[in-house]
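Here is how the chains run, residue by residue.
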Amino acid sequence: MALFPLGSNFEGDFVLQLIAIDTENTMDEVAAAAAIHSVNRRVRPRPDCIMRVRKQGATEFFPRDMKVADSGLMPTETIEIIWEKTT
Amino acid sequence: MAVLNRMDWYDLARSTNWTPNYVTEDELFPPDLSGGFGLPQEAWENYDEPYKQTYPEYVKVQREKDAGAYSVKAALERSRIFENADPGWKSVMKAHYGAIARGEYAAASAEARMMRFSKAPGMRNMSTLGCMDEIRHGQMQLYFPHEHVSKDRQMDWAFKAYDTNEWAMIAARHFFDDIMMTRDAISVSIMLTFSFETGFTNMQFLGLAADAAEAGDHTFANLISSIQTDESRHAQIGGPALKVLIENGKKEEAQKRVDVALWGAWKLFSVLTGPIMDYYTPLEHRKQSFKEFMEEWIVAQFERALTDMGLDLPWYWDIFLEDLKDTHHGMHLGSYYWRPTVWWNPAAGITPEERDWLEEKYPGWNDTWGQCWDVFIDNVVDGKMELAYPETLPMVCNMCQLPILGVPGKKWNVKDYPLEYNGRLYHFGSEVDRWCFEQDPERYAGHLSIVDRFLAGMIQPMNLEGALKYMNIAPG
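Residues numbered from 1 in each chain as written. Chains lettered and ligands numbered in written order. Predicted model: local features only at pLDDT ≥ 70, side-chain atom pairs only at ≥ 80, totals over all residues. Heavy atoms only, no water.

Quick look at the overall build of chain B now. Across its full length, chain B holds 23 helices and 2 strands. Relative to a compact globule of 476 residues, whose C-alpha radius of gyration would be 23 Å, chain B shows 23 Å and is just as compact. Across the 476 residues of chain B, 60% fall into the buried class. For chain B, restricting intrachain contacts to residue pairs at least 6 apart in sequence, the fraction spanning at least 24 positions comes to 76%. Computed over 46 positive and 70 negative side-chain charges, the separation of the two mean positions in chain B equals 3 Å. (Helix = DSSP H or I, 4+ residues; strand = E, 2+ residues; numbered from the N terminus. Rg over C-alpha atoms; globule rule 2.2 N^0.38 Å. Buried < 20%, exposed > 50% of the residue type's maximum accessible area, 1.4 Å probe, protein only. Contact = heavy atoms within 4.5 Å. Lys, Arg positive; Asp, Glu negative; His and termini not counted. Charge placed at Lys NZ, Arg CZ, Asp CG, Glu CD.)

Bringing the interface of chain B and chain A into the picture now. Tallying the contact residues gives 40 residues for chain B and 25 residues for chain A. In this assembly, chain B packs against chain A so that about 2600 Å² is buried in total across both faces, 63% of it on carbon and sulfur atoms. If you sort the residues of chain B by the area they bury against chain A, Val-375, Met-395 and Trp-412 of chain B come out on top, with a joint share of 25%. Counting every contact that joins chain B to chain A gives 2 salt bridges. A salt bridge links Arg-44 of chain A to Asp-378 of chain B; the nearest nitrogen and oxygen atoms lie 3.0 Å apart. Our count for the chain B to chain A interface comes out at 17 residue pairs in polar contact (both at pLDDT 80 or more). Residue assignment for the side of chain B that touches chain A shows that the elements contributing at least two residues are α17 (327-337), α19 (369-381) and α22 (450-455) of chain B. By residue number, the principal contributor to the side of chain B that touches chain A is α19 of chain B, which donates 8 residues. Residues belonging to the side of chain B that touches chain A are distributed by class as follows: 25 nonpolar, 8 polar and 7 charged. (Buried area = accessible area lost by both parts, 1.4 Å probe. Salt bridge = Lys/Arg side-chain N within 4 Å of Asp/Glu carboxyl O. Polar contact = N/O pair within 3.5 Å; in protein donor to acceptor, adjacent residues only side chain to side chain. Nonpolar A, V, L, I, M, F, W, Y, C, P; charged D, E, K, R; others polar.)

Residue and element names in this part refer to chain B. In this structure, Ala-101 sits in helix α7 (residues 87-117). In this structure, the C-alpha to C-alpha distance between Ala-101 and Gly-239, residues 138 residues apart in sequence, is 25 Å. With residues near it in sequence (within four places) discarded, Ala-101 still touches His-96, Gly-138, Gln-141, Leu-142 and Ala-158.

Gaps left between atoms show up when a probe the size of a water molecule is rolled over them. Residues and elements named next belong to chain B. Under the counting rule described, the total for this entry stands at 7 cavities of 30 Å³ or more. Roughly 180 Å³ of internal volume is contained in the largest cavity. Counting residues per element, the ones that place at least two in the lining of the largest cavity are α7, α10 (167-181), α11 (185-214) and α14 (251-280). Residues belonging to the lining of the largest cavity are distributed by class as follows: 12 nonpolar, 4 polar and no charged. (1 Å grid on protein atoms, 1.4 Å probe; cavity = no way out; pocket = protein on both sides within 12 Å on 5 of 7 lines; lining within 4 Å. Points joined across faces, edges and corners; volume = space filled by probe spheres on them.)

This part covers the nonpolar core. Residues and elements named next belong to chain B. If you look at the biggest cluster of nonpolar residues, it comprises 151 residues, and the most contacted ones within it are Trp-44, Phe-176, Ile-179, Phe-220, Met-294, Phe-320 and Phe-437. The biggest single contributor to this core is α14, with 16 residues. If we ignore the near neighbours within four places in the chain, the residues touching Trp-44 are Gly-35, Gly-36, Phe-37, Leu-39, Lys-119, Ala-120, Pro-121, Ile-186, Ala-241, Val-244 and Leu-245. (Core = buried A, V, L, I, M, F, W, Y, C linked by side-chain atoms within 4.5 Å.)

All names here are of chain B. Side chains of Val-380, Met-385 and Tyr-389 sit close together on the surface and give an oily, nonpolar patch of about 220 Å² of accessible area. By secondary structure assignment, the location of Val-380 is in helix α19. By relative accessible area, which is 37% here, Val-380 ends up partly exposed. (Patch = residues over 30% accessible without salt bridge, like charges linked within 9 Å, V, L, I, M, F, W, Y side chains within 5 Å. Areas by Shrake-Rupley, 256 points an atom, 1.4 Å probe, with all protein chains shown as cover.)

With that settled, the discussion passes to the environment of Met-294 of chain B. Residue and element names in this part refer to chain B. Tracing the backbone shows Met-294 in helix α15 (residues 290-309). Note on Met-294: relative accessible area 0%, which makes it buried. Every residue in contact with Met-294, bar those within four places of it in the chain, is listed here: Phe-200, Trp-266, Val-299, Phe-320 and Leu-324.

Looking now at the sheet that holds strand β4 (residues 78-85) of chain A. Residue and element names in this part refer to chain A. Ordered in space as β2-β1-β4-β3, the 4 strands form an open sheet in which the pairing is mixed. At either end of the open sheet lies a strand with only one pairing partner, and these are β2 (17-22) and β3 (49-55). Neighbouring strand axes in the sheet, compared pairwise and without regard to direction, differ in orientation by 45 degrees on average. Relative to β2, strand β1 (residues 3-10) runs antiparallel, the two sharing 6 bridges. Residue Leu-3 lies in a different strand from β2, and its bridge partner there is Asp-22. Seen against the sheet, helix α1 (residues 27-35) touches β1, β2, β3 and β4 and runs at an angle of roughly 105 degrees to β3. (Pairing = 2+ DSSP bridges. Axes fitted to C-alpha atoms, helices over the stretch in contact; angles between N-to-C directions.)

Let's shift gears to the confidence of the model for chain B. Here chain B averages 93 in pLDDT, while 99% of its residues score no lower than 70. The ipTM assigned to the predicted complex is 0.98, against a pTM of 0.95. (pLDDT = per-residue confidence, 0-100.)

All names here are of chain A. Where burial is concerned, most of β1 is hidden: 7 out of the 8 residues are buried. Linking β1 to β2, which pair antiparallel, is a turn of 6 residues; within it Gly-12 sits at a positive phi near 95 degrees. Here 4 bridges tie β1 to β4, and the two strands are oriented parallel to one another. Along β4, the bridge assignment pairs Phe-10 with Ile-81.

Bringing the environment of Ser-79 of chain B into the picture now. Residue and element names in this part refer to chain B. With respect to the helices and strands, the residue Ser-79 is situated in the loop between α5 (55-76) and α6 (81-84). It is 17 Å that separates the C-alpha atoms of Ser-79 and Met-93, two residues lying 14 residues apart in sequence. Among the polar contacts made by the side chain of Ser-79, one reaches the main-chain carbonyl oxygen of Leu-76 at a distance of 2.6 Å.

So, about the packing of aromatic side chains. Residues and elements named next belong to chain B. Tallied over the entire structure, the rule returns 30 aromatic pairs over all chains. Here Phe-175 and Phe-176 contribute two aromatic rings whose centre-to-centre distance is 5.2 Å and whose plane-to-plane angle is 55 degrees, an arrangement assigned as tilted. For Phe-175, a relative accessible area of 7% puts it in the buried group. With a relative accessible area of 8%, Phe-176 lands in the buried category. Taken together, the aromatic side chains of Tyr-336, Tyr-337, Trp-338, Trp-373 and Phe-376 make up a single cluster linked through ring pairs. (Phe/Tyr/Trp six-rings, centres within 6.5 Å; stacked < 30°, edge-to-face > 60°.)

Listed below in C-alpha cells is the structure:
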C-alpha cells in the first residue's frame, strides 16, 4: 500500500487535476476518487453511465477491478475518466 | 555659441566601442553575458535604431511625463474613484499591479545588462534610457496603488506579490526569469523588448489605458499611458539586433528566441489579460472581446513586424490563432474556481447578459464553458457552497506553470502533453510548451512546479490551508 498521485482528466471537465489514490485501489475506486473533484462541481452526473479509466490516448479501458499497482501507470501520469453507457 | 544639430553629432557620440589593449574582447564582453553570437564588435557597430534620443531630450520629456501623471493623481485623490469603482475594475487594478510593478524593477536589471554587456554601442545607449524607464515604472506602480492599501489590503500585493509563491506569481517569475533575468544581452533584447514588449505590452498598455478612461479611472489611465510611451520607445531595442543577426547568418538562433518568448508571453496574457477583458471589465465598458483585441492589435502587428524583419511566423502560428478563442476562458474558470488562491477577487462575469455577449463573441460558449458554469451556478443557487470551492490542485504545465486545460462540455478536448526526461515525468499544457522545454531542457528541468512542490512535501499541511500559507495568502 502506498499513496500514488495521478492526473485526472475527467470527460467534460476543463482542467487536469491532481488526485491522490492508493496503489491497492481498483480502477472503479480511482474513477470515484477523480469524480469527487469534477462531478457536481463542473460536470453533471450521468445516472445512465458508469465511469471507466484508461491511459491518456489509449482506446482500451483498464479492467474495472484492476489495481493501480498492476496497471503500469507512473506517478503523476494522466488518466482519462470516461462515461460509459450501462445499457 | 551655435549648437550643432543633433543628427550632425549623434552617430559619432554614440560610437563608443574601442579596441581593448589590456584585456581580451571576451574579457571585456564575456560571451555568456554579452551574447555576441560569435560576431566581432564591428558587426555590432552596424546596429542602428530609429529613436536616436539624446540624454537631455530624455530628461526633459520624462520630467514632463512624470509631472503629468503625478498631477492627475494629486488632483483626483479625493474623488473616491476607488471607493465607487466596480468590483471588476478593482480586480483589474489588483491583478495588474501585483503582476507588473516589481517586474519593472527586474526589467531595469535586464536593461542594465544590455547597457553594460551589449557589443552594440547603439543598444547600450538606448538601454541606458530603457533602464531608467523601468525604474520609473516600478516607482510609479508602487506609489500609485499605495494610497489604496489602507482601504483594501489586497492592494498591498502590488509590492508583495513578487516575493511570494502564489501560483500565478510562480508562473510570471518563471517566464520573466527565462526571458530577461538569465539571458545574455542580445537574447534579452530579442525576448524581452521585441517579443514581449513590442508584441504584447506596448499594445496591452494602450488597451488598458483606454479601458481605464472608459471606467472613469483617469489616474490609472494617465499612469498607464505615461508608461506606454516609454514602452513604445525601448521596445525598439530588439529589432535592430535581429537585423544584425539575420545579416550575419544567425537567423535560426534569432527565430528560436522569438518563438520561445512569444509563446510564454501569450500564455501569461491568457491568464492575466484575457479574463480582464472578457469577464472583469463591466459589460457596458467593453469595446472588443479579448480575441478581437488580440487579432487586431497583436496578431496583425506581430505578423508585420516579423515579416519586415525577414523572420518567419513561428511554426505554431496556427495553434496560437486557434487558442485565442479558448485558452483564456479556461484560465478564467480556473482562477475563479481556485479564487481563494489569487490576490484579487475575480469577477465571475457570467450574468445572463454577459453570457449572451460571450456566446455572440465566441459561438458555442454555452455548449462548452457554459456547461461547467451551469453546474457551478446551480451549486451557488442551492447553497452547496462546499462544491463551489476546490479540494485539490490543478495539474500545472512544467513550462508556463499554468493549469493544463482545454475545452470542456460538448467539445471536450483536454489533453496532457507529457515528456519523460532523465527519469522524471514532466507535464505540459500544449505541444508548444513541450517544444519550448525541449529546446533547452537543462535550462528548465530542475524547476519544480507548485504541484511538484506539493508532492515533494514542501507544502504543509497538505491541504488548502497549507497551500494558502505557502502562497502567503492570509485569510481575510
